[in-house]
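Descriptive structure summary
Here is what each chain is made of, one letter per residue.
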Amino acid sequence: MTQLTRQDCERLDQDDALAAVRQEFDLPENTIYLNGNSLGAMPKKALDQARQTVINEWGQDLIKSWNLHDWFSLPQRLGDQLAPLIGADAGEVVVTDSTGINLFKVLSAALMSQQQAHPQRKKIVMEGSNFPTDNYTAQGLIKLLGDQHEIVFAEGEEIVEVIDDSVAVVCLTQVHYKTGRILDMQAITEKTHACGALSIWDLCHSAGAMPVELNACRVDFAVGCTYKYLNGGPGSPAFIFTAKRHQGKALQPLTGWWGHAAPFAFERDYTPADNISQMLSGTQPIVSLAMTAVGLDISVRADMQLVRQKSQQLGDLFIRLLAERCGDCQFRVVSPLDAAQRGSQVAIAHEHGYAIMQAMIARGVIGDFRAPDILRVGFSALYVSYTDVYDAVDILRDIMDNDIWQQPEYNRRHAVT
Ligand SMILES: *Cc1c(COP(=O)(O)O)cnc(C)c1O
């Protein structure tokens, strides 16, 4: 097989049906941004939205904005906008709070439902190598509930095997944050239901990166963030999905006034809304919430099948170029080599991973590092080009060939990796 050239990649860019979407983002000069899996890029319209919300709405219309600009229904309106991206219907999603807090809500709701249906079941199946906040949140909730529940940790293939009729809830992340490996949502959810358990899926690394089919898979609850592939801005509020059949029945314990059936009746006692609004707790960060509309709008207009296809091709291209151009540099691909099994990122391991990533960042190729030895590069198909991938590997090769990573400044650890 002949080696790929930069011209080959230029040709791929010319034929890329998504190439024009990149124009909707403001990316800095001399930067190859391969970290959309951690913080999405800034849409150009974000600035207009910020001006509108801060200067016009907050500045001029002040408190009238709650009605005038419909601030109060933003969580539901954004949820309806997001719903088609995750295979949900209108009225099943709200955008609110953080992923961790939303996970606390849905895990509580699922456990409380099972307390009625199957009170003897105390097991929660989770993946030990999942992004820690999911497991920490479950551990905190278990303590709060008097230490009666038990987390059964399983990894990848083992997961379906530990699901049986002693399990209350199966709570998993669809795309692994570190390796990018995809779990089979359909098969695992089927097994979960066949055993009488409830399913919760975390979509942090899938929403906006690939088509997700929550209702086709009959998923019960889901959460996910908007600041990664949905380009909502740093710390933008997360989403929460509750299947219609659970609404009004599965209740979450952060019972603030926004989840009340009649928030403006200011009653003494809590009565839950009988719809998705019950998943809300209290007053939302309206500026940040309003900003998420901009990124969502771009994703909703993009064809998710094309986004998926392109991100798979970018990942395959990276893996091939790495083998062709850095074959003797001791990199080990940790992600599945089969693009069908892989999300929108590629993880490679190297003993000196931290320093190598620091050297790459200094050269304008932005990825990230996850302990102990993993370099992650994300391929957000909305704004990463094929030539970006070519140039990134070219820079990596230079860093390796010339031992640039050995410079002391690349070996000092920062707080955020
Ligand atoms: C990014 C990510 C989170 C983030 O949670 P926050 O509450 O926003 O800090 C949670 N879970 C997974 C799997 C993630 O990848």
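What you see is a predicted model; the values in this text were computed from it and never measured. (Residues numbered from 1 in each chain as written. Predicted model: local features only at pLDDT ≥ 70, side-chain atom pairs only at ≥ 80, totals over all residues. Heavy atoms only, no water.)

The next thing to look at is the packing of helix H11 (residues 353-362) against helix H12 (residues 386-401). Axis angle and axis distance: for two packed helices, these are the angle between their axes and the distance between the axes, and together they describe the pair. Packing of H11 against H12 leaves a shortest axis separation of 10 Å and a crossing angle of 125°. Taken together, the axis directions place H11 and H12 in an arrangement best described as oblique. Where H11 crosses over H12, the handedness of that crossing is right-handed. Two secondary-structure elements touch here, H11 through Ile356, Ala359 and Met360 and H12 through Leu396, Ile399 and Met400. (Axes fitted to C-alpha atoms, helices over the stretch in contact; angles between N-to-C directions. Helix = DSSP H or I, 4+ residues; strand = E, 2+ residues; numbered from the N terminus. Parallel < 35°, antiparallel > 145°, perpendicular 65-115°, else oblique. Left-handed = near helix turned anticlockwise from the far one by under 90°. Contact = heavy atoms within 4.5 Å.)

This paragraph deals with the UniProt feature "binding site: pyridoxal 5'-phosphate" (unreviewed entry) in the protein chain. Mapped onto this numbering, the UniProt entry gives "binding site: pyridoxal 5'-phosphate" (unreviewed entry) at Thr99, Phe131, Pro132, Thr133, Asp134, Thr173, Asp202, His205, Tyr227, Trp257 and Thr283. Across 185 residues of sequence, these annotated residues are also dispersed in space, with a maximum C-alpha separation of 30.7 Å. Note on placement: Thr99 falls in helix H5 (residues 99-117). Taking relative accessible area as the criterion, Thr99 reaches 9% and is therefore assigned buried. Excluding residues that lie within four positions of it along the chain, Thr99 makes contacts with Asp202, Cys204, Val223, Gly224, Cys225 and Ala238. Given the relative accessible area of 4%, His205 is considered buried. When neighbours within four sequence positions are excluded, His205 is seen to be in contact with Asn37, Val175, Tyr177, Lys228, Tyr229, Gln345 and Arg376. (UniProt positions renumbered as here; feature names shortened; annotations may be inferred. Buried < 20%, exposed > 50% of the residue type's maximum accessible area, 1.4 Å probe, protein only.)

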